[in-house]
Amino acid sequence: MSSSQSLPLTDGPVTFAGALSLEANREYVRPWRLPFDALDLFHPALVERAGNPAGVRLTLVSDTSALTVEVEPQRDEANEPWQFDLLVDGEFHQRVSQSSERTAITFTDLPAGEHRLEVWLHQVGVVTVRRVVIDDGAAARAFEDARPHWVTYGSSITHCGAAAGPSETWPAIVANRYDLNLTCMGYGGNCHIEPMVARLIRDLPADYITLKLGINVQGGSTLSERTFREMVIGMVSIIREKHPTTPMAIVSPVLSPPREVQVNPAGLNLQMMRDLNAEAVDRLRAHGDEHLHYVDGLQLMLESDLPLMPDALHPNADGYRLMGKRFGDIVMPLLGVDSRVGAGA
């Protein structure tokens, strides 16, 4: 870019949508999916995953012809190159890879005129932004996002490390299909139905909430048959303190043949966990929660889809695309979501 200008990373046109907090100073901004000033209240493993910006978008409205986001290099050279996706007015425009040496992520050939620009940050790893650069003389303003808020909570299958790019995780696919303002709380290995996470969801703006519960609890043996249903009921009840009528769905684990029947050390298998999730929803609905719904995770990934799940648990890139389509087809209409209902730029 021969002639350019740098934008302030805070208190200006650049926003970090989908982040719960920012670690910011004069040199950089790092988005977090937990409150940065209270990280010590959460388990260190959860904090580590919350530092990965799954679903976080760097947003602005501008008439620039090119956009550069300068980030710190990847810390782990063994990882595949990170991917950054640019959406223009909600439509995919360009994907740029970042190697371990590269710091400048430049998107080119932007259409003429003023447009909503959303850079989806790589979903796994620590992404630290140092500069945002646009054409010299280009206008820039903050995107005032009036779209409905959707909060989704889950495990690595919501974090989506194997997605082709950050705008092709299944939550991103659903959010873009329905024009929703996404907050992704998918934490690889760390969806353990924790009360502090329930409080976070309770305090977030949310027009729709989905909770995909079970697989990390089964894998980590962190709850038992005695406590699992009760923790689900407790999480929903905490969220309902400030979202009493928000449409909400509890989604049970997707198919994973090695875990379907074999019980873990805490005595749970996936079949039991689906039953317990359904029981929790039934009990809460019987107590008047008519806005709560149960979705069987077996509807999202079928036995015929196992070739798209290399480890018989996590979908690959095509599997996440398929899961996004099915989640959009099955879960969101159940919550009353209308296609492309957002406000745009």
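All residue numbers refer to positions counted from 1 along the written sequence of the respective chain. Selection of residues for local features in this predicted model requires a pLDDT of at least 70, selection of side-chain atom pairs for listing and counting requires 80 or more, and totals for whole chains, interfaces and linings are taken over all residues. In computing side-chain values, all of the structure's heavy atoms are included and hydrogens and water are not.

Caption draft 1: Spatial organisation of the overall build of the protein chain. Only runs of H or I of at least four residues qualify as helices and only runs of E of at least two qualify as strands under DSSP, and these elements are numbered from the N terminus. Along its length, the protein chain carries 9 helices and 17 strands. Only C-alpha atoms enter the radius of gyration; for comparison, a globular chain is expected to reach 2.2 Å times N to the power 0.38, where N is the number of residues. Computed over its C-alpha atoms, the radius of gyration of the protein chain comes to 20 Å, within 12% of the 20 Å expected for a compact globule of 345 residues. The principal-axis extent of the C-alpha atoms belonging to the protein chain is close to 65 × 40 × 40 Å. Exposure is judged per residue with a 1.4 Å probe applied to protein chains only, and the accessible area is read against the type maximum: over 50% gives exposed, under 20% gives buried, and values in between give partly exposed. The buried share of the protein chain, taken over its 345 residues, is 57%. Using the Shrake-Rupley algorithm and a 1.4 Å probe, accessible areas are obtained, with residue cover drawn only from the displayed protein chains. When the accessible surface of the protein chain is totalled, it reaches about 13,700 Å², and 49% of it is carbon and sulfur. Here Asp and Glu are counted as negative and Lys and Arg as positive; His is not counted, and neither are the chain ends. A charged residue contributes its charge at one atom only: NZ of Lys, CZ of Arg, CG of Asp or CD of Glu. Measuring between centres, the 29 positive side-chain charges of the protein chain sit 3 Å from its 44 negative side-chain charges.

Caption draft 2: Inspection of the confidence of the model for the protein chain at higher detail. On average, residues of the protein chain carry a pLDDT of 95, and 96% of them reach 70 or more. The predictor's confidence in any single residue is recorded as pLDDT, a number from 0 to 100. In what follows, residue pairs with any heavy atoms lying within 4.5 Å of each other are defined as contacts. Of the regions scoring below 50 in pLDDT, residues 341-345 engages in 18 contacts with residues more than four places distant in sequence or in other chains.

Caption draft 3: Up close: empty space enclosed by the protein. Here a cavity denotes grid points, spaced 1 Å and computed from the protein atoms alone, that fit a 1.4 Å probe unable to get out, and a pocket denotes an open set having protein on both sides within 12 Å along at least 5 of 7 lines; residues with an atom within 4 Å of a point are the lining. Grid points are joined across faces, edges and corners, and a volume is the space filled by probe spheres set on the points. Applying the stated criterion to the full structure yields 1 cavity of 30 Å³ or more. When its volume is computed, the largest cavity comes out at roughly 30 Å³. If you go around the largest cavity, the residues you meet are Ser 155, Cys 191, Lys 212, Leu 213, Gly 214, Ile 215 and Asn 216. When residues are grouped by polarity, Ala, Val, Leu, Ile, Met, Phe, Trp, Tyr, Cys and Pro land in nonpolar, Asp, Glu, Lys and Arg in charged, and all others, Gly among them, in polar. Its residues placed into classes, the lining of the largest cavity shows 3 nonpolar, 3 polar and 1 charged.

Caption draft 4: Structural context of the packing of helix α6 (residues 228-240) against helix α8 (residues 270-286). Orientation is described by lines fitted to C-alpha atoms, with helices fitted over the stretch in contact, and by angles between N-to-C directions that extend from 0 to 180 degrees. Closest axis-to-axis distance for the α6/α8 pair is 9 Å, and the angle between their directions is 45°. The orientation of α6 with respect to α8, classified from their angle, is oblique. You can see that α6 and α8 cross each other, and the crossing is right-handed. Contacts from Phe 228, Arg 229, Val 232, Ile 233, Val 236 and Ser 237 in α6 reach Met 273, Leu 276, Asn 277, Glu 279, Ala 280, Arg 283 and Leu 284 in α8. Here the residues of the contact of α6 with α8 sort into 8 nonpolar, 2 polar and 3 charged. Note that the term roughly parallel is reserved for angles under 35 degrees, roughly antiparallel for angles over 145, roughly perpendicular for angles of 65 to 115, and oblique for everything else. Two helices crossing with the near one rotated counterclockwise from the far one by less than a right angle form a left-handed crossing, whereas a clockwise rotation gives a right-handed crossing.

Caption draft 5: Region of interest: the nonpolar core. As used in this record, nonpolar core signifies buried Ala, Val, Leu, Ile, Met, Phe, Trp, Tyr and Cys residues forming a set joined through side-chain atoms within 4.5 Å. Counting residues in hydrophobic clusters, the biggest one holds 71 residues, and the most contacted among them are Trp 150, Tyr 153, Leu 211 and Met 332. With 6 residues, α8 is the largest single contributor of residues to this core. Phe 16, Val 71, Val 96 and Ala 138 belong to the second largest nonpolar core, which has 27 residues in total.

Caption draft 6: Fine view of the packing of aromatic side chains. Working definition: rings of Phe, Tyr and Trp (its six-membered ring) pair if their centres are within 6.5 Å, and the pair is stacked with planes under 30 degrees apart, edge-to-face with planes over 60 apart, and tilted otherwise. All chains considered together, the criterion is met by 5 aromatic pairs. With 6.4 Å between their ring centres and 65° between their planes, Tyr 153 and Tyr 187 make a pair best called edge-to-face. Of this pair, Tyr 153 sits in strand β13 (residues 149-154) while Tyr 187 sits in the loop between β14 (181-186) and α4 (195-203), placing them 34 residues apart in sequence. Residue Tyr 153 is classed as buried on the basis of its relative accessible area of 0%. Taken together through their ring pairs, the aromatic side chains of Trp 150, Trp 170 and Phe 327 make up a single cluster. Each ring is checked for a lysine NZ or an arginine CZ that lies within 6 Å of its centre and within 35 degrees of its normal; such an atom marks a charge sitting over the ring. Residue placement shows Arg 57 over the ring face of Trp 120; its charged tip is 5.2 Å from the ring centre.

Caption draft 7: Local environment of the side chain of Arg 202. Locating Arg 202 in the fold gives a position in helix α4. For Arg 202, a relative accessible area of 13% puts it in the buried group. Pairs of N or O atoms within 3.5 Å make up the polar contacts considered here, provided that, within protein, one atom can donate a hydrogen while the other can accept it, and that residues adjacent in sequence are counted only when both atoms are side-chain atoms. There is a polar contact of 2.8 Å between the side chain of Arg 202 and the side chain of Glu 241.

Caption draft 8: Spotlight on the sheet that holds β14. The criterion for strand pairing is that DSSP finds at least two bridges linking the strands in question. Here we have 5 strands laid out as an open sheet, ordered β14-β13-β15-β16-β17, and parallel in their pairing. Across the chains shown, the open sheet's two edge strands, defined by having one partner strand only, are β14 and β17 (292-295). Pairwise comparison of adjacent strand axes, ignoring direction, gives a mean angle of 15° for this sheet. Bridge count between strand β15 (residues 208-212) and strand β16 (residues 248-251): 4 bridges; the pairing is parallel. Following the sheet pairing, Leu 211 is matched in β16 by Ile 250.

Caption draft 9: A look at the pattern of salt bridges. Here, a salt bridge means any side-chain nitrogen of Lys or Arg that lies within 4 Å of a carboxyl oxygen of Asp or Glu. Summed over all chains, the structure comprises 23 salt bridges. With its nearest N and O atoms 2.9 Å apart, the salt bridge here joins Lys 242 to Asp 203. Taken together, the positions of Lys 242 in the loop between α6 and β16 and Asp 203 in helix α4 put the pair 39 residues apart, joining distant regions of the chain. Exposure remark for Lys 242: the relative accessible area of 52% places this residue in the exposed category. Using a relative accessible area of 40% as the deciding quantity, one classes Asp 203 as partly exposed.

Caption draft 10: A look at α4. When we look at burial in α4, the residues that qualify are Val 197, Ala 198, Leu 200, Ile 201 and Arg 202. Check the buried side of α4 and you find it contacts α1 (44-50), β13, β14, β15 and α6.

Caption draft 11: View of the environment of Ile 239. Mapped onto the fold, Ile 239 is located in helix α6. Sequence spacing of Ile 239 and Leu 200 is 39 residues, and the spatial spacing of their C-alpha atoms is 8.4 Å. Setting aside anything within four residues of it in sequence, one finds Ile 239 in contact with Ala 198, Ile 201, Arg 202, Ile 209, Leu 211 and Met 248.

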